[in-house]
Amino acid sequence: MKRTGKYGLLLLLLLATGLAWGQTFNPKAHGVIRSERADGRFYSSRGVVHAMLKNNVPKYAFNPGFTPGEFKKWQQELRTAMGRLMKHPQLSNLPAPQLLSTVRRDGYRVEKWEAYPLPECVTSFLVLIPDGVTEANPAPGILCIPGSGESKETQAGEPELSPKFGSGDTGAEAERWVVAVPYVKKDLVAVVVDNPGAGEASDLERYTTAPDYNYEAVARYLLELDWSYLGYSSYIDMHVLNWMKRQPVIRNDRLIVCGFSLGTEPLMVMGVLDPDIYAFVYNDFLCRTLERMIVLTEPDENGRRPFPNSIRHLIPGFLKNFDFPDIVASLAPRPVICPEGGLDRDLDLVRKAYAIAGKPENITIYHYAKFADRARGNYERLPEGLNRDLYFELTNVDPPRHDVKMNVVLPWLDEVLK
């Protein structure tokens, strides 16, 4: 009996193992998250949250049917909601920013400043001032906010503070990341900041992994403090912008904000909160972040579904209030250029806002070269079950050419400022 029992158990184990080996997982077969119940409920918590996302309707979504009066009322309500979400500290008697150094360049000078926006914080920024710009002859000012992995030195065309900082590109490829110098050559005063956790604001990455910065650690602890990465970054950048307003060499009626990729997020926040900003360079494709979460659901071979963005993009309550196209629409009638397009569905929403505001000419849109001269995909609703590559293809995005499109931004700037 003992021997029979022993072999019987072994046989059961072999059968179970064979069944497991016989089961294959096909990621595409599970791309769309569906309930297996007649009532539509989910056992899977991921399925529950997915359904909640699909049922979410942002409170301050832009309505193309707004009258001009309703549009202005909506703008103010959205501004109030944004202020609540960003939680910018209201501090007074902060130390004045200090000039640290000045170096001469061909046709301009570069000043390095540091500011003290929080009792615990010092933040540095670069100021590029063209020759000929003086207190008697002030110039428009542009605040340049880098993308992920970039430093302020990268965008200013200045030597990196660490060999590990910067894009790692050389020659013409490196030049495509330089933003501030072309603006200076257009006789603007360019001010360049670091993103929190990057460049001079990074931790130990200069010794190890830069320009792969650990943004997530900064974001996580800010969330534990009932703040957010975007709330913090937009507050720091707003502090620098307010300093720009007080500089006699800068025209405070011609303040522009240029954001690349990650930098478009504080750009949007500042644009909503500060009506004094004159114009915006939104250097990224425009998308609905809520939809991006809903449709990016094709799992990998391990059954892990993609997550559209890291924790540094997390602002509790954000999607209950608005999405990116709503925010850009709320900037009307101030001039905006979107050099990397997106879905015409979302861009047309912004165009409608500018028409309602009476300035349809103030929204300028270009597409990636790959999608500019051919029929682009345009969907009222994107299909679920996408991976990242297919998502970018359907939304008219060419990831390898995600860079600063100065070839269209500079001529637009001439028109905006003339």
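The present account deals with the structure reproduced in this document. Given the structure is predicted, the values throughout are model-derived calculations rather than measurements.

With that out of the way, let us pick up helix H16 (residues 406-417). Here H16 contains twelve residues, and its C-alpha end-to-end distance of 16 Å stays within 8% of the 16 Å for a straight helix at 1.5 Å per residue. Among the residues of H16, those classed as buried are Met406, Val408, Val409, Leu410, Trp412, Leu413 and Val416. Contact partners of the buried residues in H16: helix H6 (180-185), strand S6 (250-260), strand S7 (279-283), strand S8 (336-338) and strand S9 (363-365).

A few words on the side chain of Ser202. Structurally, the position occupied by Ser202 is in the loop between strand S5 (189-193) and helix H7 (215-224). In terms of polar contacts, Ser202 uses its side chain to reach the backbone carbonyl oxygen of Gly199, at 2.6 Å. Excluding its chain neighbours within four sequence positions, the residues that come into contact with Ser202 are Phe165, Gly197 and Tyr213.

The strand order across the open sheet formed by nine strands is S1-S2-S3-S5-S4-S6-S7-S8-S9, and the pairing between neighbours is mixed. With one partner strand each, in any of the chains shown, strand S1 (98-105) and S9 form the two edges of the open sheet. Going from strand to strand, the sheet's axes swing by 20° on average, the running direction of each strand aside. Inspection of the sheet shows strand S3 (residues 121-130) paired to S5 by four bridges, in the antiparallel sense. Across the sheet, Leu128 pairs through a bridge with Ala190, a residue of S5. Each of strand S4 (139-145), S6 and S7 is contacted by helix H9 (residues 264-273), which is oriented at about 155° to S7, the strand it contacts most. Along the sheet, helix H13 (residues 344-356) makes contact with S8 and S9, crossing S9 at roughly 160°.

A complete count under the given rule lists one cavity of 30 Å³ or more for this structure. Approximately 30 Å³ is the volume found for the largest cavity. Lining the largest cavity, in full, are Gln75, Leu78, Arg79, Gly271, Val272, Ser330 and Arg334. When residues of the lining of the largest cavity are traced back to their parent elements, those giving at least two are helix H3 (68-86) and H9.

On inspection of all chains with the given rule, the structure shows zero disulfides. The thiol of Cys121 is not disulfide-bonded; the next cysteine sulfur, from Cys144, is found 20 Å away. The exposure class of Cys121 is buried, given its relative accessible area of 13%.

So, about the pattern of salt bridges. Counted under the stated rule, the structure contains 31 salt bridges. Glu77 is the partner of Lys73 in a salt bridge, and the nearest nitrogen-oxygen pair spans 2.6 Å. In this pair, Lys73 and Glu77 are both assigned in helix H3, four residues apart and thus about one turn of the helix distant. Taking the relative accessible area as the measure of exposure, Lys73 reaches 53% and is therefore exposed. Between Glu200 and Lys112 there is a salt bridge, with its nearest N and O atoms 3.1 Å apart. One end of the pair, Glu200, is in the loop between S5 and H7; the other, Lys112, is in strand S2 (residues 108-118), and 88 residues separate them in sequence. When its relative accessible area of 30% is taken as the criterion, Glu200 is described as partly exposed. On the basis of relative accessible area, Lys112 is assigned to the buried category, the value being 17%.

About the criteria used
Residues numbered from 1 in each chain as written. Predicted model: local features only at pLDDT ≥ 70, side-chain atom pairs only at ≥ 80, totals over all residues. Heavy atoms only, no water. Helix = DSSP H or I, 4+ residues; strand = E, 2+ residues; numbered from the N terminus. Expected span 1.5 Å × (residues − 1). Buried < 20%, exposed > 50% of the residue type's maximum accessible area, 1.4 Å probe, protein only. Contact = heavy atoms within 4.5 Å. Polar contact = N/O pair within 3.5 Å; in protein donor to acceptor, adjacent residues only side chain to side chain. Pairing = 2+ DSSP bridges. Axes fitted to C-alpha atoms, helices over the stretch in contact; angles between N-to-C directions. 1 Å grid on protein atoms, 1.4 Å probe; cavity = no way out; pocket = protein on both sides within 12 Å on 5 of 7 lines; lining within 4 Å. Points joined across faces, edges and corners; volume = space filled by probe spheres on them. Disulfide = S-S within 2.5 Å. Salt bridge = Lys/Arg side-chain N within 4 Å of Asp/Glu carboxyl O.

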